[in-house]
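Residue-level listing of the chains:
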Amino acid sequence: MASEQLTEYERKRLQNIKRNDEVFASLKILSKASDLSAAGKRQKVETKSYKVSPQKKVKSETPVVIRRSLRTRGMPPDSKGLTDDLAHSDNKNSKSFSLEESSSPDLEESSSPDVSGPISFKDAYADRSESGSDRPLIDAILSVAKQHHGGLIEEKADRVLDIEKKPQVIVCVKPECDENLSEKCDLGSLVKDFDGSKACKDEFSGKHDACSSDLMKGVVKTEKSEHGSPVDLGSLTLKPNNIARIMPGRILIAKFFPSNDMRMIMAGNKYGNVGFWNLNPMQEGEDGIYLYHTHTGPISGIEVQQSCLSKIFTSCYDGFIRLMDVEKEVSDLVHSSEYSIYSLSQNPNNVNTLYFSEGQGGLNIWDVRTKKSTTECRLHEARINTIDFNSQNLSIMASSSSDGTACLWDLRRMHTHKPKPLKIASHKKAVHAAYFSPSGKSLATTSYDDKVGIWSGVNFEDSSMIHHNNQTGRWLSSFRAVWGWDDSYVFIGNMRRGVDVISPAQRRTIKTLESPYLSAIPCRFHAHPYEVGTLAGATSGGQVYVWTSS
């Protein structure tokens, strides 16, 4: 009856709908669409992660007291004010509250570290469960430190034997200085003293036969580095077992532990946590991740004392430098400043001295033994982001600053109130990093003006600006280009979840390291100092990726 009431057009429309449904059913379009959507989804890779055991809150037996004002209770106002005891206790509470506010939200239940005194590893260790222990980490570092110390003793003994066998020779080396910088070069300090004999310091006046030009030509030789690289970029791979989330929040610094006996990552985040990840743990079933809460603000530097690998210095934006002594299992306060500390470094030529930036452009050279500052000067108009030393001439230091410059300094002339730089590398915006190449012949700078600068030449006068998108925004750490294992490549992250490889010789990006396991943007990198082909990258989500050469 209903079909008789339909018009010819409506009946034809229903027939077309029925015919189309039959065609779609025969083609199985819906099932194929569901299969395509399932195949297009990214497979989740299970990675290692740090463990923080939640602590059960103890219910308070005291009754809850509802606060009511005098006005709601119908009482006249009290004009006496607070007593002296209450006012004194209120000041204490306000100070402790400010420390709690700066602690990590992931570790808000744990008390903030005592910034004024030593902190034991037991109190600073994040995993306080019954099964969690940092003993494997302590044993691993002490074992490596013991082997390193024994190797140093044997090396020193071999050097003493070689010195006894070799005759004493006096050699004068003529410095290579720029014509414009010849007045700044300390010629007398460049005269080397070999085997305990005193060399002449007559500023190469020509009065001594030992300093003749013919002798210098025969002794001093300059060898050019080869362009070939010891690592094949195609062999760098990222495996799932080399991926881990070692800490919460943004990682500001990540470095390899300086030893070829143990592959371990050290990292610091914006919450004041210092994390360790041993990629080859000693015990089976162990993830090798350990987290310590030793500071109350962002970590700005991690340095391992080269003469004793069991001592690790850490600096923080809160103005404190701490020494993590693994042998004593304590993190002790080394230096406190009223200004923020933005970078920390150590000169390989002097292991008892720390170089760190504080405040707006200030540099502090701190003697660990005397616990006093040997030099304080202002180098830049804004904060110093990185400090690095030339491997061939440890008296030359590079600093990058948010004032848009990277400068080279002579440490022998840093005792003046405002020293003059040997070289100024200028950018249009803030310079986040400036690092020397492994040979010391080039300098790589990273700026927020979307440029990676390569400075080379005898006096770093040759410059090339390579375009690179460095706009990371406010939620990611700034990009910092780092050198590989020679002067062939520079590694830097990109906003497409990859790692760009820049060739200084070709002055362009020649390759991008990509992987389906790379789920975040790596911002901070470090090349292993002893393992060629091992590269670490850290993200703003606490993840660490380690590329290895297959």
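For the structure, check the block above.
Residues numbered from 1 in each chain as written. Predicted model: local features only at pLDDT ≥ 70, side-chain atom pairs only at ≥ 80, totals over all residues. Heavy atoms only, no water.

Trainee: How do you make sense of the overall build of the chain when you look at a structure like this?
Mentor: When helices and strands are tallied, the chain shows 7 helices and 30 strands. The buried share among the 550 residues of the chain stands at 44%. When contacts within the chain are restricted to residue pairs at least 6 apart in sequence, those whose partners lie at least 24 apart make up 51%. Of the roughly 31,900 Å² that the chain leaves accessible, carbon and sulfur atoms contribute 50%. (Helix = DSSP H or I, 4+ residues; strand = E, 2+ residues; numbered from the N terminus. Buried < 20%, exposed > 50% of the residue type's maximum accessible area, 1.4 Å probe, protein only. Contact = heavy atoms within 4.5 Å. Areas by Shrake-Rupley, 256 points an atom, 1.4 Å probe, with all protein chains shown as cover.)

Trainee: Hey, could you run me through the sheet that holds strand 6 (residues 273–278) in this one?
Mentor: Pairing between the strands of a sheet is mediated by backbone hydrogen bonds and can be parallel or antiparallel. One open sheet accounts for 4 strands, arranged 4-5-6-7; its pairing is antiparallel. Two strands bound the open sheet, and with one partner strand each, they are strand 4 (251–256) and strand 7 (289–293). Neighbour to neighbour, the strand axes of the sheet diverge by 15 degrees on average, direction disregarded. The pairing of strand 6 with strand 7 spans 5 bridges and is classified as antiparallel. (Pairing = 2+ DSSP bridges. Axes fitted to C-alpha atoms, helices over the stretch in contact; angles between N-to-C directions.)

Trainee: I keep staring at the nonpolar core and nothing clicks. Help me out?
Mentor: Looking at soluble globular proteins, one finds that nonpolar side chains tend to be buried together. Phe257, Phe276, Tyr292 and Ile312 are the most contacted members of the largest nonpolar core, which has 26 residues in total. Of all the elements in the fold, those that place two or more residues in this core are helix 5 (121–124), helix 6 (135–165), strand 5 (264–269), strand 6, strand 7 and strand 8 (299–304). Counting residues per element, this core draws most heavily on helix 6, at 6 residues. The residues touching Phe276, leaving out its near neighbours within four places in the chain, are Leu137, Met264, Ile265, Met266, Gly288, Ile289, Tyr290, Tyr292, Ile312 and Met324. Among the nonpolar cores identified, the runner-up in size contains 19 residues, and Val231, Trp485, Leu535 and Tyr545 belong to it. (Core = buried A, V, L, I, M, F, W, Y, C linked by side-chain atoms within 4.5 Å.)

Trainee: Could you clarify how one ought to interpret the side chain of Arg524 in this entry?
Mentor: Structurally, the position occupied by Arg524 is in strand 28 (residues 522–527). With no salt bridge to any partner, buried Arg524 finds its closest opposite charge in Glu303, at an N-O distance of 12 Å. Within the structure, the side chain of Arg524 is placed 2.5 Å from the backbone oxygen of Leu252, a separation counted as a polar contact. At a separation of 2.8 Å, a polar atom in the side chain of Arg524 contacts the main-chain carbonyl oxygen of Ser478. Here Arg524 is in contact with Ile251, Leu252, Ser477, Ser478, Arg480, Ala536, Gly537 and Ala538, once residues within four sequence places are set aside. (Lys, Arg positive; Asp, Glu negative; His and termini not counted. Salt bridge = Lys/Arg side-chain N within 4 Å of Asp/Glu carboxyl O. Polar contact = N/O pair within 3.5 Å; in protein donor to acceptor, adjacent residues only side chain to side chain.)

Trainee: What's the story with the environment of Arg322 in this structure? I'm lost.
Mentor: Examined against the element boundaries, Arg322 turns out to sit in strand 10 (residues 320–325). Residue class for Arg322 comes out buried when judged on its relative accessible area of 1%. Sequence separation between Arg322 and Pro118 is 204 residues, and the spatial gap between their C-alpha atoms is 8.7 Å. Here Ser331 takes part through its backbone oxygen, which lies 2.9 Å from a polar atom of the side chain of Arg322.

Trainee: Whenever I open this one, the pattern of salt bridges confuses me. Can you help?
Mentor: As a working rule, side chains carrying opposite charge can pair if their charged atoms are close by. Summed over all chains, the structure comprises 9 salt bridges. With a shortest N-O distance of 2.6 Å, Glu329 and Arg135 are connected by a salt bridge. Taken together, the residues span a long stretch of sequence, with Glu329 in the loop between strand 10 and strand 11 (330–336) and Arg135 in helix 6 at a distance of 194 residues. Since its relative accessible area comes to 28%, Glu329 is described here as partly exposed. Judged by relative accessible area, Arg135 falls into the partly exposed class, the value being 37%. Taking the shortest distance from any N to any O, the salt bridge between Lys255 and Glu303 comes out at 3.0 Å. One end of the pair, Lys255, is in strand 4; the other, Glu303, is in strand 8, with 48 residues separating them in the sequence.

Trainee: Just checking my understanding: could you explain the pairing of strand 25 (residues 490–494) for this structure?
Mentor: If a strand is regular, its side chains alternate between the two faces of the sheet. The buried fraction of strand 25 is high, at 5 of 5 residues. Bridging between strand 24 (residues 482–483) and strand 25 involves 2 bridges; their strand directions are antiparallel. Of the residues in strand 25, the one forming a bridge with Trp483 is Val490. Connecting the antiparallel pair strand 24 and strand 25 is a turn made up of 6 residues. Here strand 25 pairs with strand 26 (residues 498–503) via 5 bridges, running antiparallel. Within the sheet, the bridge partner assigned to Phe491 lies in strand 26 and is Val501. With antiparallel pairing between neighbouring strands as the criterion, strand 25 and strand 26 make up a hairpin whose turn holds 3 residues, including Arg497 at a positive phi of roughly 60 degrees.

Trainee: In this structure, what is going on with the sheet that holds strand 25? I would like to understand it.
Mentor: Taking strand neighbours across the sheet as the criterion, the 4 strands line up as 24-25-26-27 in an open arrangement whose pairing is antiparallel. Two strands close off the open sheet at either side, each with one partner strand: strand 24 and strand 27 (508–513). Examined bridge by bridge, strand 26 and strand 27 share 5 bridges and lie antiparallel to one another. Residue pairing in the sheet places Val501 in a bridge with Lys511 of strand 27.

Trainee: Just checking my understanding: could you explain the packing of aromatic side chains for this structure?
Mentor: Centre distance and the angle of the planes are the two values used to describe a pair of aromatic rings. Taken as a whole, this structure holds 9 aromatic pairs when the rule is applied. Between Tyr317 and Tyr342, the ring centres sit 5.2 Å apart and the planes meet at 70 degrees, which makes this aromatic pair edge-to-face. With Tyr317 in the loop between strand 9 (311–316) and strand 10 and Tyr342 in strand 12 (residues 341–346), the pair connects residues that are 25 residues apart, well separated along the chain. In this structure Tyr317 comes out as partly exposed when scored by relative accessible area, which is 26%. Given the relative accessible area of 15%, Tyr342 is considered buried. Relative to Trp547, the ring of Tyr545 lies with its centre 6.4 Å away and its plane at 45 degrees, an arrangement referred to as tilted. Assigned by exposure class, Tyr545 and Trp547 land together as buried. A connected cluster of aromatic rings, assembled from ring pairs, spans Phe121, Tyr125, Phe276, Tyr290 and Tyr292. (Phe/Tyr/Trp six-rings, centres within 6.5 Å; stacked < 30°, edge-to-face > 60°.)

Trainee: I tried to follow unusual backbone geometry on my own but got confused; where do I start?
Mentor: For residues other than glycine, phi is negative in most cases, and the peptide bonds are mostly trans. At Lys371, a residue that is not glycine, the phi angle is positive and equals roughly 55 degrees. Looking at the element boundaries, Lys371 is found in the loop between strand 14 (362–367) and strand 15 (372–378). Even without being a glycine, Arg507 presents a positive backbone phi close to 60 degrees. Residue position: Arg507 is located in the loop between strand 26 and strand 27. When its relative accessible area of 53% is taken as the criterion, Arg507 is described as exposed.

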